[in-house]
Amino acid sequence: MQQSQRERYKDIVDRFVQLARANLDKPTRIPDLSRAIGVEPRQLRRACQAILGMTPVSHLHTLRLSEVRRTLSTPDGAAATITEVASRFGFHELGRFAAAYRSAFGEQPSETRQRTLSDSGTLSGSN
């Protein structure tokens, strides 16, 4: 890939990531994100594949999982149920969410939440 193409792709990905992070708690579709940053979905896919090594959908999924973990790692976030936090970031199939979370972080969401509650001295509630 030529340097100018790589720079263009990097710019596209940077804009995509910035917009995606700003909207993690909102339902977003790749065509909508593409339109908002001024590129076609196919071009966004190529740019993400070249720069991130994954599709925009996969990266968005990764960002959302990371935000769930970050939220569960704070006392305020851990005070909510895992279902509430997962749903806030677009995960509605909780079995798949838990499997993806375990795969990404090596522990169940409940373990992250429980550790946060224990560390903060808050009594653990139910899921």
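Residues numbered from 1 in each chain as written. Predicted model: local features only at pLDDT ≥ 70, side-chain atom pairs only at ≥ 80, totals over all residues. Heavy atoms only, no water.

## Concerning the overall build of the protein
Thought 1: Scanning the protein from terminus to terminus reveals eight helices and zero strands.
Thought 2: Each helix and strand of the protein, placed in order from N terminus to C terminus, yields the pattern α-α-α-α-α-α-α-α.
Thought 3: In terms of overall dimensions, the protein has C-alpha extents of about 55 × 25 × 25 Å along its principal axes.
Thought 4: Each of the 127 residues in the protein was classed as buried or not, and the buried ones make up 36%.
Thought 5: When contacts within the protein are restricted to residue pairs at least 6 apart in sequence, long-range pairs at least 24 apart make up 59% of them.
Thought 6: Accessible surface for the protein amounts to roughly 7,500 Å². Of this, 48% is attributable to carbon and sulfur atoms.
Thought 7: Put simply, the protein has 19 plus and 13 minus side-chain charges, and the middle of one group is 6 Å from the middle of the other. (Helix = DSSP H or I, 4+ residues; strand = E, 2+ residues; numbered from the N terminus. Buried < 20%, exposed > 50% of the residue type's maximum accessible area, 1.4 Å probe, protein only. Contact = heavy atoms within 4.5 Å. Areas by Shrake-Rupley, 256 points an atom, 1.4 Å probe, with all protein chains shown as cover. Lys, Arg positive; Asp, Glu negative; His and termini not counted. Charge placed at Lys NZ, Arg CZ, Asp CG, Glu CD.)

## Digging into the nonpolar core
Thought 1: Membership of the largest hydrophobic core comes to 28 residues, with the highest contact counts inside it found for Ile12, Phe16, Leu44, Val68, Phe91 and Phe97.
Thought 2: For this core, the secondary-structure elements that each account for two or more residues are helix H1 (3-22), helix H2 (30-37), helix H3 (41-52), helix H4 (56-72), helix H6 (82-88) and helix H7 (94-105).
Thought 3: The element contributing the most residues to this core is H1, with six residues.
Thought 4: For Phe97, the residues in contact, after removing those within four places along its chain, are Leu65, Val68, Ile82, Ala86, Phe91 and Pro109. (Core = buried A, V, L, I, M, F, W, Y, C linked by side-chain atoms within 4.5 Å.)

## Some words on the layout of surface pockets
Thought 1: By volume, the largest pocket amounts to about 170 Å³.
Thought 2: Forming the walls of the largest pocket are Pro27, Thr28, Ile30, Val57, Leu60, His61, Arg64, Phe89, Gly90 and Phe91.
Thought 3: The greatest single-element share of the lining of the largest pocket, amounting to four residues, is contributed by H4.
Thought 4: Here the lining of the largest pocket is built from residues that sort into six nonpolar, three polar and one charged. (1 Å grid on protein atoms, 1.4 Å probe; cavity = no way out; pocket = protein on both sides within 12 Å on 5 of 7 lines; lining within 4 Å. Points joined across faces, edges and corners; volume = space filled by probe spheres on them. Nonpolar A, V, L, I, M, F, W, Y, C, P; charged D, E, K, R; others polar.)

## As for the packing of aromatic side chains
Thought 1: This model, assessed by the stated rule, comprises three aromatic pairs.
Thought 2: Consider the rings of Phe91 and Phe97, whose centres lie 5.1 Å apart with planes at 45°: the pair is tilted. The same class applies to Phe91 and to Phe97, which are both buried.
Thought 3: With centroids separated by 5.8 Å and ring planes inclined at 55°, the aromatic side chains of Phe97 and Tyr101 adopt a geometry described as tilted. (Phe/Tyr/Trp six-rings, centres within 6.5 Å; stacked < 30°, edge-to-face > 60°.)

## Examining the environment of Phe89
Thought 1: Position of Phe89 among the secondary structure elements: in the loop between H6 and H7.
Thought 2: Residues contacting Phe89, with those up to four places away along its chain left out, are Leu24, Asp25, Arg64, Glu67, Val68 and Thr71.

Geometric descriptors of this kind do not, in isolation, establish any biological role.
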